[in-house]
Amino acid sequence: MATREDKQIKDKLLADLKERQEKIKAMGGRDGVAKQKKRGKLTARERIDRLLDKGTFCETGMFATNRGTALGMDKIQVPADGVVTGYGKIDGRKVYVYAQDFTTVGGSLSEIHAAKICHIMDSAAKVGCPIISINDSGGARIQDGVDALAGYGQIFYRNSIFSGVIPQICAILGPCAGGGVYSPALMDFIFMVKGISYAFITGPQVVKAVMGEEINPEELGGAITAQKKAGVACRSENSEAECLESIRELLGYLPSSNRERPKRVDLGDDPNRIDPTLFDIVPASPNKPYDIHKIIERVFDQEPNGKKNYFELFPIFATNIITCFARLNGWSVGIIAQQPMSKAGCLDIDACDKASRFIRFCDAFNIPIINLVDVPGYLPGTDQEWGGIIRHGAKMLYAYSEATVPKITLTIRKAYGGAYLGMCCKDLGADTVFCWPTTELAVMGPEGAAAVIFRKELEKAEDADALLQEKIQEYRSIFANPYRAAEHLHVDDVIDPAETRPRLIKALEMVIDKMEPRPKKKHGIIPT
Ligand code: HXC
């Protein structure tokens, strides 16, 4: 039985604890929080609460504070040293999380701030669960000097070492500069929100001072710029609520670490469902566009509530190729598909970069890859050649060849030349290759091929146009179909488009547990 004196001491200790906690939870104080709200932003603590399942957040390192004393830092105690760290659950699954608090010293990163982040990164890797960062930071804390830079170094090191081990997802929800954007760049996915997120190495003031260029933050590194122009953000959402919800949705397609495969989710869609109207989406003419989303919507598992059944990454960057997650009979799969509505679905530098990264992510996290191919070739021209299409295109060949997850390729209408290889044919390790009857599969299109092969005859011909048309037809009848390739085993089967869903499911389930040994090496050297 506790004595009265004993109780008084303990009550005092508890009151002291509560007071300290409340002070820290007040973050940058009433004014700082009001400023954050005025900018249309949630606070770090509100963000974590909204991201995680209700009541699951456990904070770590709450009492941490700044160690640096230079330039007046000895006179202040930075609550939680500007970053809220801890763990909780999303849809019942464990995650580690941190959110930088812009209301305290601009969310800037100090030695202790970095140590808190590193601690939860290490924990996430040990446990084998995703890490989610919410970045809202002016970068390295200027007053901390090289200690802050060292902190960034330690984070970058962990971002790299844990790459492909645990999923690393970042939401940039404020003006992020310097190191504040390089850690996200080393993570797997960056989400941003229109109007509040900015990502740049140096802000508009430095750009003006050094380059003499006048540019506003939105144009330099706003959410749309960062996705559409720079290909840095995988999504630019309309609000923080949407952004946090998107992260939760994305996690549903991912395993917790590379030790697992993603959880299978039965949406109740019939694996034998055939769709006689599927073929109507694709025009018979190889040059007419159509929206590949319509095929994805119909083939992959449909949500019972009619909700969108795929999660697209980089929807406004390199729109000629689509990368998204969806489900096939409950299995999480990564889809790589041409979009004939954009640049006729040609492969170009950005498309190759976008696809290569996605392939490597899927491979690292045991997510099978489904390729939906309708590709006329690589985009020609000086922009592409001088920009390095050779090395960017090589990256995609490398990524497909390296990947040992199940790889299934369906050619819908055409696959020409190098781009046929670039979209994962059998020779690059596709486990199964299907074609629709609309498929043209050859070294190049009939027009170009006839002009090259019959150049001499055409030069001598009286009616060159008529001869060219005749030769185009001849070439088309031999090569512009899937059967030549099927005869030579480059294609496993030519299928009725109506049966696409059951055929893909059966092919996937056959190879879901396949093993593909590779030669031992430290690591390969991916073209960059
Ligand atoms: C210390 C910082 C800070 C920083 C912001 N603050 N950034 N304090 N170190 N890096 C403080 C401000 O002094 C201010 O304090 C408060 O945070 C809010 O900042 P504001 O400037 O009022 O906000 P805003 O107008 O929205 O501008 C945000 C900003 C700007 C664009 C991020 O603050 C800025 O340009 N900061 C510096 C960015 C930068 O160059 N960082 C270093 C990068 S180098 P008060 O007390 O007034 O509220 C780096 C090294 C790693 O990161 C490189 C690795 C490759």
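Look a little higher up for the structure.
Residues numbered from 1 in each chain as written. Predicted model: local features only at pLDDT ≥ 70, side-chain atom pairs only at ≥ 80, totals over all residues. Heavy atoms only, no water.

Chemist: Can you explain helix 11 (residues 292-299)? Please cite residues and give values.
Modeler: Taken together, the buried positions of helix 11 are occupied by I292, H293, I295, I296 and V299. Taken end-on, helix 11 shows its buried residues confined to a sector of 160°, consistent with a single buried face. (Buried < 20%, exposed > 50% of the residue type's maximum accessible area, 1.4 Å probe, protein only. Helix = DSSP H or I, 4+ residues; strand = E, 2+ residues; numbered from the N terminus. Arc of directions from axis to C-beta.)

Chemist: Which residues make up the nonpolar core, and what values go with them?
Modeler: Nonpolar side chains tend to gather and get buried jointly when the protein is soluble and globular. With 67 residues, the main nonpolar core has F189, F191, L254 and F325 as its most contacted residues. For this core, the element with the highest residue contribution is helix 12 (residues 349-364), accounting for eight residues. Membership of the second largest hydrophobic core comes to 31 residues, among which are V299, L328, W331 and I408. (Core = buried A, V, L, I, M, F, W, Y, C linked by side-chain atoms within 4.5 Å.)

Chemist: How would you explain a nonpolar patch on the surface if you had to name every residue and give the values?
Modeler: Nonpolar side chains collect at one region of the surface, where V443, M444, V452 and I453 lie side by side and expose about 380 Å² of accessible area between them. Within the secondary structure, V452 is located in helix 16 (residues 446-453). (Patch = residues over 30% accessible without salt bridge, like charges linked within 9 Å, V, L, I, M, F, W, Y side chains within 5 Å. Areas by Shrake-Rupley, 256 points an atom, 1.4 Å probe, with all protein chains shown as cover. Salt bridge = Lys/Arg side-chain N within 4 Å of Asp/Glu carboxyl O.)

Chemist: Go over the pattern of salt bridges with me, naming the residues and quoting the values.
Modeler: Considering all chains together, one arrives at 35 salt bridges under this definition. In this structure, the salt-bridge partner of R67 is E111, at a minimum N-O distance of 2.7 Å. Taken together, the residues span a long stretch of sequence, with R67 in the loop between strand 1 (58-60) and strand 2 (83-90) and E111 in helix 4 (residues 111-127) at a distance of 44 residues. Residue E111 is classed as partly exposed on the basis of its relative accessible area of 24%.

Chemist: Got a sec to walk through the site of the ligand? Specific residues and values, please.
Modeler: Contacts to the ligand come from 19 residues, most closely from R39, G106, G138, A140 and G179. The separation between a nitrogen atom of the ligand and a polar main-chain atom of G138 is 2.6 Å. Between the ligand and G179 there is a distance of 2.8 Å, counted from an oxygen atom to a backbone nitrogen or oxygen. Burial of the ligand by the protein chains amounts to 54% of its free accessible area of 1,000 Å². Secondary structure elements with two or more residues in the shell around the ligand: helix 5 (146-161) and helix 6 (179-185). Per-element tally for the shell around the ligand: the top contributor is helix 5, with three residues. (Near = heavy atom within 4 Å. Polar contact = N/O pair within 3.5 Å; in protein donor to acceptor, adjacent residues only side chain to side chain.)

Chemist: How would you sum up the sheet that holds strand 5 (residues 168-172)? Please name residues and give values.
Modeler: Here we have seven strands laid out as an open sheet, ordered 1-2-3-4-5-7-9, and mixed in their pairing. A strand with exactly one partner marks an edge of an open sheet, and here the two such strands are strand 1 and strand 9 (235-237). Taking the axes of each pair of neighbouring strands and ignoring which way they run, one obtains an average angle of 25° across the sheet. Relative to strand 9, strand 7 (residues 189-193) is paired through three bridges, and the arrangement is parallel. Considered in strand 9, the bridge of V193 is made with E237. (Pairing = 2+ DSSP bridges. Axes fitted to C-alpha atoms, helices over the stretch in contact; angles between N-to-C directions.)

Chemist: An account of the pairing of strand 13 (residues 369-375) is needed here, citing residue identities and associated values.
Modeler: Counting buried positions over the seven residues of strand 13 gives seven, a clear majority of the element. Taking every second residue as pointing to the same face, both faces of strand 13 are buried, with I369, N371, V373 and V375 on one and I370, L372 and D374 on the other. Between strand 12 (residues 331-338) and its parallel partner strand 13, the chain crosses via helix 12, and the hand of that crossover is right-handed. Relative to strand 14 (residues 407-416), strand 13 runs parallel, the two sharing six bridges. Note on strand 14: the bridge partner recorded for L372 is L410. (Right-handed = clockwise from strand over helix to strand, strands pointing away.)

Chemist: Provide a residue-level description of unusual backbone geometry, including the pertinent values.
Modeler: A positive phi angle, near 55°, is found at A344, a position not held by glycine. Mapped onto the elements, A344 comes out in the loop between strand 12 and helix 12. Within the chain, N366 stands out as a residue other than glycine whose phi angle is a positive 60°. With respect to the secondary-structure elements, N366 resides in the loop between helix 12 and strand 13.

Chemist: Go over the environment of L149, please, and point to the residues and values.
Modeler: Structurally, L149 is set in helix 5. Assessed through its relative accessible area of 53%, L149 is described here as exposed.

Don't take any of this as a statement about function, it's just geometry.
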